[in-house]
Amino acid sequence: MDLSQAIECASAFVFPGFLADDASLSAERARNEEALGVLRAAWAEAPAGREPFSFDLVRSLADRNRDVCDRYGIERLRDVNPSSLSRGLSPAELIHAVAVLQHRTDAQVAALSGPDARDLNVAWVDAPVSGMVVGIDIETTDRDPARGYIINVGLEFMTIGPKAKPHDPFAGYFGLPQMYAEKGVPLADIHKISWSDLEGRTPFREDRKVQEALLATLTAYPFMAHNAAFEDSWFTLHIDGYAEARKAGRVTVIDSRDICRRVDPETRVLPHEQRPASLESWARRRGTLKAGESERHLGLDDVELMLATVQAEFAERNMLA
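Residues numbered from 1 in each chain as written. Predicted model: local features only at pLDDT ≥ 70, side-chain atom pairs only at ≥ 80, totals over all residues. Heavy atoms only, no water.

Draft legend 1. Looking closely at the packing of helix α1 (residues 3-11) against helix α2 (residues 22-45). At their nearest, the axes of α1 and α2 sit 9 Å apart, and the two run at 120° to each other. Judged by the angle between their axes, α1 and α2 are oblique. α1 and α2 meet at a crossing whose hand is left-handed. Of α2, the residues touching α1 (which contributes L3, A6, I7, C9 and A10) are R31, N32, A35, V38, L39 and A42. The residue inventory of the contact of α1 with α2, partitioned by class, reads nine nonpolar, one polar and one charged. (Axes fitted to C-alpha atoms, helices over the stretch in contact; angles between N-to-C directions. Helix = DSSP H or I, 4+ residues; strand = E, 2+ residues; numbered from the N terminus. Parallel < 35°, antiparallel > 145°, perpendicular 65-115°, else oblique. Left-handed = near helix turned anticlockwise from the far one by under 90°. Contact = heavy atoms within 4.5 Å. Nonpolar A, V, L, I, M, F, W, Y, C, P; charged D, E, K, R; others polar.)

Shown next, in the form of structure tokens:
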């Protein structure tokens, strides 16, 4: 699919009644997701201010695709690889995260890590870290932001330092289409969120005030998440204006999972099957999660666990300013 075809796909009016059988719905989903990939690449590669279309076109196509997935049966797509989920942050973004927390330039960090961030572990421990961050975690109904919904957001602020404590917590739940009252909330086996938690609540994509508040927060402070590429991918398609702010350099993303992999030497010696860089495993090693306890997979609880574990790791390595 070329760019003109992708724009045509995103701009087309599709009458829901024409997509009634599984084959038609499956084909429409595949077409939408191919178009999303083409559109996102073209928009990202275009010089700022000279994009061939507004990013609103991308978000609206993702919204339409979400409806197609609902009617097809999102539970049937659980094992289908996500098409709109980034696999990780770029080396430049990882370098920038270190530079922000160390109050240095990207060039100074890259001189230690290499432009490919291969030796970013060296840069992390080369200078103390400090500064305000907002920790954030979301719970969703699918891995792919073009297929599922954000149903829970938790966030908290923390000024990294020797006596840092999270403060000003926020937790919010967001609604789903009515069909899920009978079908049940997708991925409830992971996040334990039930229909009773969401009934009567406004869906995230319809809650403009929450989107505006989150965008203001994410552009005011660096945000930290465990496997932050996940939150970044979801915010791109679910928060109006986020993609534009991200491209303009007004959003700084810090991946605590990458911090774990770079800074904690145990991640290099523990067996892969123990998932040493997972938040739960890391937190147990740092004593922020007791033996026998488990990660809750709920927004605010996971944010508090992540921030406490990051703080404990920085203290263990004498990295705090």
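Picking up where we left off.
Draft legend 2. Structural context of empty space enclosed by the protein. The tally for this structure, following the rule as stated, stands at one cavity of 30 Å³ or more. In this structure, the largest cavity occupies an estimated 40 Å³ of space. Elements that contribute at least two residues to the lining of the largest cavity include exactly α4 (91-102), α6 (120-124), β5 (253-255) and α13 (256-263). Looking at side-chain class alone, the lining of the largest cavity contains eight nonpolar, no polar and three charged residues. (1 Å grid on protein atoms, 1.4 Å probe; cavity = no way out; pocket = protein on both sides within 12 Å on 5 of 7 lines; lining within 4 Å. Points joined across faces, edges and corners; volume = space filled by probe spheres on them.)

Draft legend 3. Representation of the environment of A46. Its place among the elements puts A46 in the loop between α2 and α3 (56-72). With residues near it in sequence (within four places) discarded, A46 still touches E51, P52 and K247.

Draft legend 4. How the structure looks around the packing of aromatic side chains. The full count for this structure, using the stated rule, is seven aromatic pairs. Seen from their ring centres, F223 and F235 are 5.8 Å apart, and the 65° between their planes marks the pair as edge-to-face. Here F223 is found in strand β4 (residues 223-225), whereas its partner F235 is found in helix α11 (residues 228-238), with 12 residues between them in sequence. Each of the two residues, F223 as well as F235, counts as buried. Ring geometry for F230 versus W234: centroids 5.8 Å apart, planes at 35°, classification tilted. (Phe/Tyr/Trp six-rings, centres within 6.5 Å; stacked < 30°, edge-to-face > 60°. Buried < 20%, exposed > 50% of the residue type's maximum accessible area, 1.4 Å probe, protein only.)

Draft legend 5. Fine view of the pattern of salt bridges. The full count for this structure, using the stated rule, is 29 salt bridges. Between D116 and R118 there is a salt bridge, with the nearest N and O atoms lying 3.4 Å from each other. Residue D116 is classed as partly exposed on the basis of its relative accessible area of 40%. For R118, a relative accessible area of 63% translates into the label exposed. Of the charged contacts in the structure, one is a salt bridge between D264 and R286, with a shortest N-O distance of 3.2 Å. Residue D264 is found in the loop between α13 and α14 (279-286), and its partner R286 is found in helix α14; the two are separated by 22 residues along the sequence. Judged by relative accessible area, D264 falls into the buried class, the value being 0%. Residues joined in a network through salt bridges with shared partners are D56, R59, D63, R66, R205, R208, D240 and E244. (Salt bridge = Lys/Arg side-chain N within 4 Å of Asp/Glu carboxyl O.)

Draft legend 6. Broad picture of the layout of surface pockets. In this structure, the largest pocket encloses a volume near 1,100 Å³. Within the residue set of the lining of the largest pocket, elements represented by two or more residues are β1 (131-140), α8 (188-191), α11, α13 and α15 (299-316). The greatest single-element share of the lining of the largest pocket, amounting to five residues, is contributed by β1. Of the residues in the lining of the largest pocket, the class split is 12 nonpolar, nine polar and 12 charged. What lines the second largest pocket is a set of 18 residues, among which R40, A44, D232, T236 and R246 lie closest to the centre. If one sorts the elements of the lining of the second largest pocket by residue count, α2 sits on top with four residues. Residues belonging to the lining of the second largest pocket are distributed by class as follows: six nonpolar, seven polar and five charged.

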